[in-house]
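# Structure assessment
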Amino acid sequence: MSGTSAALQPPADAGKPVRHPDAPAPGELLGAHYEHCFGCGGGQPHGLHLEARAGAGVTVTAEFTVQAAHQGAPGLAHGGVLATALDETLGSLNWLLRTIAVTGRLETDFVRPVPVGTTLYLEAEVTAVARRKIYSTATGRIGGPEGPVAVRADALFIEVAVEHFVQHGREEEIQAAMSDPDQIRRARAFEVNP
């Protein structure tokens, strides 16, 4: 990525990311982390409905198709929607680390327009970890997984405790998520929200 800020450069003592032994297997669909998430949740009629899969190492792939509701300019995806797709894909990486983390910084390059009806093929990987900081990068391609790059991003995620969500989220949604009898859904509801 051109012009990446110093805040997104891992420090010299950063370590290589390590996939958690209980992480989903490569190729496994990760599913929505929260039903009402605009990026991946099925409960959002105009959401992205992004589907991410675990990759090898600490990588994920994802796809979403730009719908008419995602327009900025006539017939083209809104830049904020594309940034959301990158952020959602990058946030999915934290499931492979089994770490609760929030987006601290996201720098995005918009390389080419993405028309309505286009499927965006995303790839993301964690590049380094330094204490609570998780450094990652992603690309979004059109025309197939090997097609031309349309968007790319570098990101910094910060590990947080679940109390972060309890303190800052709306109480009724927090209680509903924490009361979910499905332990995995309950844990995943708090994995990538800012």
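For the structure itself, look to the data block above.
The following refers to the structure shown. These numbers were taken from a predicted model, which means no experiment stands behind them.

### Some words on the nonpolar core
In this structure, L50, F64, L90, V114, L120 and L122 are the most contacted members of the largest nonpolar core, which totals 35 residues. Every element with two or more residues in this core is listed here: β1 (51–54), β2 (59–65), α1 (79–97), β4 (119–130), β5 (133–142) and β6 (149–159). Ranked by residues supplied to this core, first place goes to α1 with 9 residues. Ranked by size, the runner-up nonpolar core spans 8 residues in total, among them L8, V102, I158 and V160.

### Overview of the state of the cysteines
Summed over all chains, the structure comprises 0 disulfides. With no disulfide partner, C37 has as its closest neighbouring cysteine sulfur the one in C40, 3.8 Å distant. Relative accessible area serves as the criterion here: at 10%, C37 is assigned to the buried category.

### Details of the side chain of T89
In this fold, T89 is placed in helix α1. When its relative accessible area of 0% is taken as the criterion, T89 is described as buried. A distance of 2.8 Å separates a polar side-chain atom of T89 from the backbone oxygen of A85. Residue contacts for T89: discarding those within four places in its chain leaves L50, V60, A62, L122 and A124.

### With respect to the sheet that holds β5
With antiparallel pairing, 6 strands are arranged side by side in an open sheet as β1-β2-β4-β5-β6-β3. Whereas interior strands pair on both sides, the edge strands pair on one side only; in this sheet they are β1 and β3 (101–110). For this sheet, the mean angle separating the axes of adjacent strands, direction not counted, is 20 degrees. The strands touched by α1 are β1, β2, β3, β4, β5 and β6; relative to β4, the strand with the most contacts, the crossing angle is about 50 degrees.

### Here we look at α1
Spanning 19 residues, α1 covers 28 Å between terminal C-alpha atoms, matching the ideal 27 Å at 1.5 Å per step. In terms of residue burial, α1 counts as a mostly covered element, since 15 of its 19 residues are buried. Immediately downstream of α1, the backbone of R98 shows phi near 60 degrees, a positive value.

### Points about the pairing of β1
The side-chain alternation of β1 yields one buried face, formed by A52 and A54, and one unburied face, formed by E51 and R53. In the sheet, β1 pairs with β2 via 4 bridges, with the strands oriented antiparallel. Pairing of A54 across the sheet is with V60, part of β2. Linking β1 to β2, which pair antiparallel, is a turn of 4 residues; within it G57 sits at a positive phi near 60 degrees.

### A short note on unusual backbone geometry
With a phi close to 55 degrees, H49 is a non-glycine residue in the positive phi region. With respect to the helices and strands, the residue H49 is situated in the segment before β1. With a phi close to 60 degrees, R98 is a non-glycine residue in the positive phi region. Examined against the element boundaries, R98 turns out to sit in the loop between α1 and β3. Under the relative-accessibility criterion, R98 is labelled partly exposed at 40%.

Parameters and conventions
- Residues numbered from 1 in each chain as written.
- Predicted model: local features only at pLDDT ≥ 70, side-chain atom pairs only at ≥ 80, totals over all residues.
- Heavy atoms only, no water.
- Core = buried A, V, L, I, M, F, W, Y, C linked by side-chain atoms within 4.5 Å.
- Buried < 20%, exposed > 50% of the residue type's maximum accessible area, 1.4 Å probe, protein only.
- Helix = DSSP H or I, 4+ residues; strand = E, 2+ residues; numbered from the N terminus.
- Disulfide = S-S within 2.5 Å.
- Polar contact = N/O pair within 3.5 Å; in protein donor to acceptor, adjacent residues only side chain to side chain.
- Contact = heavy atoms within 4.5 Å.
- Pairing = 2+ DSSP bridges.
- Axes fitted to C-alpha atoms, helices over the stretch in contact; angles between N-to-C directions.
- Expected span 1.5 Å × (residues − 1).

Interpretation note: all reported values are geometric properties and have no functional meaning in isolation.
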